[in-house]
Structure formats: C-alpha cells, structure tokens
Amino acid sequence: MKLTLPPRVSPMQFDAALKAFQGVVGKGWVLSSDEDRDAYSDIYAPGPESQWPASAAVAPGSAEEVQAIVRLANQFKTPLWPVSRGKNLGYGQAAPRMAGSIVLDLGRMNKVLELDPELGYCVIEPGVGFFDLYEYLAREKAPLWMSVPGNGWGSVLGNALDHGIGYTPYGLHARNLCGLEVVLPDGDMMRTGMGAMANNQASHLFPMSFGPDWTHMFTQSNMGVVTKAGVWLMPEPETSLELSFDIPNEEDIGWVIDTIAPLKISGLIDQNVFVPSWLGKIVLKGQRKDFWDKPSAIPDWRVKELLKEHQLGYWKVQIRFYGDENVNKAKAEVVKAAFKKHLDTPAHEVWWRQGEERNIYDLTVGVPTAVPLQMGDWVGGRSAHLGFSPVVPATSKHVLDQLKRSRKIIADHDVDFYASFTVGGRFANNINMLMYDRDKPEQVESMKTLFNVLVAESAKAGYAEYRTHLGWMDAVADTFDFNNHAQRRLNERVKDALDPNGIIAPGKQGVWPSVFRDQSKEGRA
C-alpha cells in the first residue's frame, strides 16, 4: 500500500517522527514499507483497503516506551491508532479510522504479569491473546476458566475494551476488567479504581474507586492507551451440564427469548445464551455453492430442504450450567420443564466433570477457537463479513420486531439471512452476519447500501448497534441523538481537554478531536 500521510503532516515532519520513534523502540520496530502498511490493512474492508490506510506502525515493548512514543507523537503532531493484536475482524481489523494514522501496535506487550488462583484474577498486557492466556492457565495448573468470544485469535484486553461478548457466566468481557493502567494522550500515566493508590492491595478486586471511577472511559475509547489491566477469571466448576435444543421454526425465537430471559434475570441461568440460526451451522459444512449455486439469496423453500437434509432446527439453543452436580441437575429440570411447554423433543444432555478434557470447539467452557472464522469462506473468492449488531430488549415483542425488520431489509437486498441472538438477561445482542466476496464490486456496494439502511431503520425503531466497522462509526454515533447529541458533545469536550493535539485514535467511535474534526466526513462507507 502506498504512503498516505496524516492530515497536515509534511513528509519531512513524518520522517522525523519515525526516526524519533526508532530511538525509542529500535529501528526494527518502526514499520513503514508498502508491505508493512499492507499488514495493517483491513482484509475484510467493504471497498478498497486504501480507504482506511495506515501510514506506518510502531511497536513498543513496554508501558514506558508507549509513554515516550505518545510524547513524541504530540511533538510531531502524528496521530496514533492503538491496537492490541489487530484481529478485530469484521470491524476494521488493525486499520485506522482516519487515513494516515500511525498504528500503535501493542502486540509485543504480551506478558501475564500476575495470576491469583485464590481470588480468581490475572493482570495482563494488551498483546496477550486468548490462546496465550488459555495455555498459561494450563501450564500453571490454575483452576480457572476464561470467557472467550467467537474469534479466539484476538487480544483478551482488546476484546474487553471493545465490549466483546463471550458465552460463560463471565461473558460480558468489559465487566471483567478491574484496575487499568493507562497512558494518557499527553504521555502521563494513571491507574483506575483502587489502583489510583500506589501499591493498593485491592487494585484488581474492587471494581470502583473513591470518587468518580474512570475505568469505562477507556473502553471503546480514544481517551488513552491501556497498557495493562486486571481481568477476572471464573473458578473452574466441579461439573458442567449442557442442554441443547433444536428449535424448528423461525418465529419460535419469540417464545425462546421469553423462556430464557426470566431464567437468566433470576440467576437460574448464569451464562450468556447464544442462539444462532441454521446458517451458523451450515457454514461449517461447506461453501455456499455446495448448497445453493445461484447468486440470489437462498429462498425459504431451499432453507426448509436444507434443515431436513441436515437434521437441523432453524435455531440452536445451548444452555450450560456450572458448579455442584446436584444443583446443576435441579436447574436443568427447571429449564427442561420450561422448554417442554413449547417443544416436544427432549434436550440433548452432555456432562463435563473435573479432570475430563474440555471440548476444544465449545466456547461455553472457555476454550478459545478460530473455527467460527470458517464462515469467512462461505461465499468463496476473497470472502469477508460485516456484523450488524443492534441491542434489543430481551422480550419476544422486541426480538420479533427487530428480526422481521432486519430480515425484510436483508431480503430486499437479496442477501442470505444469518442472524443470532445472545441473551444477556434483560437485553439480547442481535448479530447479523453479512458475507460477501470482495472481488465482486457489486456485492460490496450492495453490502454498503444494505448496512446503511439497517443502521437507519433500526435507529428509527429505537435500536442501536453496540459496536461497528470503521466505516460506520460516525453513522452509528449519529444515531445517539438525545438532546442534540449530548453524549457526543460531552465526549468531544473531554477529548479536547485531554488530547488537544488529537493524537490518540481520532474518529474512534465517532469521537473526533477539534483539530481533526474536519476529517469526519472522510472514510465513511
């Protein structure tokens, strides 16, 4: 990828900044060739990668080096785009929101700094991936489980900071963060929560502070660079029992939600319950051409044939219990009785007990995997995906309302319908996977039009996305419009106070510093 300079940075200024960075991290960790820029591009980009180009990357090895780089970036006015491991597939990967930003690659900072098996937490750097932490816990024989997302390739902290979700009782990953160390936009350092006291013994145990706590100001944020954090881990249960149900019809999702949500809110179910539609299973069995070889969306009559051929329900429900065996049995009986009111087929039951191997493909037992990424090959070619991810109240009324709306919009654009709901209790995350071939410009343009309509029509109905691709960060931020976008106006005031040079991740989540606010119309999909 050819060089795109940051806005208002001259070639001489840019070269001087890179040379100064080399003085901090070493020449080998400042990456500025065309090939280097390719490595930090969005391989799933809905359009050319050059729409969101990095100008270079710098890879520090310590928090002190991060501080030094941030101070130099202020001196040379070169904006930085921090990434933990750059595996945010479907949302932009490592590419920056503002063209020409320098990627601050934290992947070298990959140490597990502390592990407390008794109180169930670890302290890690942003480069620690899910596989890294899983293997570390195994080597230490720690009786602790992680919560993992669909893509186990990414960073534990990066996923939590971007509000990622898993499928265990610890599945709201941002909620597991306790005590962050953060480099501020001027290069200063702070610690959140009880860690604001030097040598505090409860830094990673108590999730608040004395006075205002700033922890979540640094999630989905461009207010600083997180260099380490405490992460709560789940004690390994004595046993675990999984109940799985095949749900036959699309409209059944209504009673499924109304059955699960009260049990989750009451605490009888304590995990986030993932409910994928049939396409989530078919994508693991082959490519689209193996099941439907026409360019049009798979029609309903063919869907019914596929469900029958592969003995699938339209939805799959997997509910897992963790802990004492007798308690798990009792909880399972309550759930089975609730489902029996609507479903004649009994649940399939699978037990796990301490000492047994865990299923390496099962996210609900905290084992990272990259298998779900196989959906990337569904359409063939340079296959890619976007995730449209609104949050809806966990009731049949709201879920069916959003389902019907998104289904019609997606059908109107002649795209395969692949939906899932993750029930977190009072809310459900509705992930709609939109898969396309980047080598087919008409597909790319159709996806962009489709995504714009989904964002706009869902907002009209009162539903918003909780995360999105770079190209829609501003469009989604626009939908948070209460009192003339009061939240955005506050974010901008805080951003300008902390980061007057606009150094840290300009444009992330639609938050632009005043110095670069004129760039907000660029790079929109």
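Above this text is the structure in question.
Residues numbered from 1 in each chain as written. Predicted model: local features only at pLDDT ≥ 70, side-chain atom pairs only at ≥ 80, totals over all residues. Heavy atoms only, no water.

Side note on the packing of helix α10 (residues 396-412) against helix α11 (residues 441-460)
How two helices pack is summed up by the angle between their axes together with the distance between the axes.
For step 1, the next point in the chain: Orientation of α10 relative to α11, taken along the N-to-C sense of each, is 155°, at an axis distance of 10 Å. Classed by the angle they form, the pair α10 and α11 counts as roughly antiparallel. The way α10 lies across α11 gives a crossing that is right-handed. Where α10 approaches α11, its residues Gln-402, Arg-405, Ser-406, Ile-409 and Ile-410 are matched on the opposing element by Leu-450, Val-453, Leu-454, Glu-457 and Ser-458. (Axes fitted to C-alpha atoms, helices over the stretch in contact; angles between N-to-C directions. Helix = DSSP H or I, 4+ residues; strand = E, 2+ residues; numbered from the N terminus. Parallel < 35°, antiparallel > 145°, perpendicular 65-115°, else oblique. Left-handed = near helix turned anticlockwise from the far one by under 90°. Contact = heavy atoms within 4.5 Å.)

Some words on helix α8 (residues 300-309)
For step 1, the next point in the chain: Along α8, the positions that sit buried rather than exposed are Arg-302, Val-303, Leu-306 and Leu-307. Looking straight down α8, one finds that the buried residues subtend no more than 140° of arc, so they occupy a single side. Exposed residues lying more than 90 degrees from the buried face of α8 are Lys-304 and Lys-308.
For step 2, the next point in the chain: Phi for Gln-311, located one or two positions after α8, is positive at around 55°. (Buried < 20%, exposed > 50% of the residue type's maximum accessible area, 1.4 Å probe, protein only. Arc of directions from axis to C-beta.)

Quick look at the pairing of strand β5 (residues 112-116)
For step 1, the next point in the chain: Relative to strand β6 (residues 121-124), β5 is paired through 4 bridges, and the arrangement is antiparallel. Residue pairing in the sheet places Leu-115 in a bridge with Cys-122 of β6.
For step 2, the next point in the chain: The antiparallel pairing of β5 with β6 creates a hairpin that spans 4 residues between the two strands, and Gly-120 there sits at a positive phi of about 75°. (Pairing = 2+ DSSP bridges.)

Some points on the sheet that holds β6
For step 1, the next point in the chain: One open sheet holds the 5 strands; their spatial order is β5-β6-β10-β8-β9, and the pairing between them is antiparallel. The two strands at the open ends of the sheet, each matched to only one other strand, are β5 and β9 (189-191). In this sheet, neighbouring strand axes are inclined to one another by 10° on average, regardless of whether the strands run parallel or antiparallel.
For step 2, the next point in the chain: Across the face of the sheet, helix α3 (residues 63-76) comes into contact with β8 (177-183), β9 and β10 (225-232) while running at roughly 45° to β8.

A short note on the nonpolar core
For step 1, the next point in the chain: One finds Ile-260, Val-317 and Val-335 to be the most contacted residues of the largest nonpolar core, which totals 102 residues.
For step 2, the next point in the chain: Per-element tally for this core: the top contributor is helix α6 (residues 253-266), with 7 residues.
For step 3, the next point in the chain: Discounting chain neighbours no more than four positions away, the residues touching Ile-260 are Ile-269, Val-273, Val-275, Val-317, Ile-319, Phe-339 and Val-423.
For step 4, the next point in the chain: One finds Phe-21, Ala-95, Leu-104 and Val-183 within the second-largest nonpolar core, a separate group that totals 38 residues. (Core = buried A, V, L, I, M, F, W, Y, C linked by side-chain atoms within 4.5 Å.)

Considerations on the packing of aromatic side chains
For step 1, the next point in the chain: A full pass over the atoms with the stated rule returns 11 aromatic pairs.
For step 2, the next point in the chain: The interplanar angle of 10° and the centroid separation of 4.1 Å between the aromatic rings of Phe-245 and Phe-339 together place this pair among those described as stacked. Taken together, the positions of Phe-245 in strand β12 (residues 239-247) and Phe-339 in helix α9 (residues 325-340) put the pair 94 residues apart, joining distant regions of the chain.
For step 3, the next point in the chain: Its relative accessible area of 1% is what places Phe-339 among the buried residues.
For step 4, the next point in the chain: Lying over the aromatic face of Trp-29, Arg-108 brings its terminal NZ or CZ to 4.2 Å of the ring centre.
For step 5, the next point in the chain: Between Arg-467 and the ring centre of Tyr-91, over which it is positioned, the NZ or CZ distance is 4.3 Å. (Phe/Tyr/Trp six-rings, centres within 6.5 Å; stacked < 30°, edge-to-face > 60°. Lys NZ or Arg CZ within 6 Å of the ring centre and 35° of its normal.)

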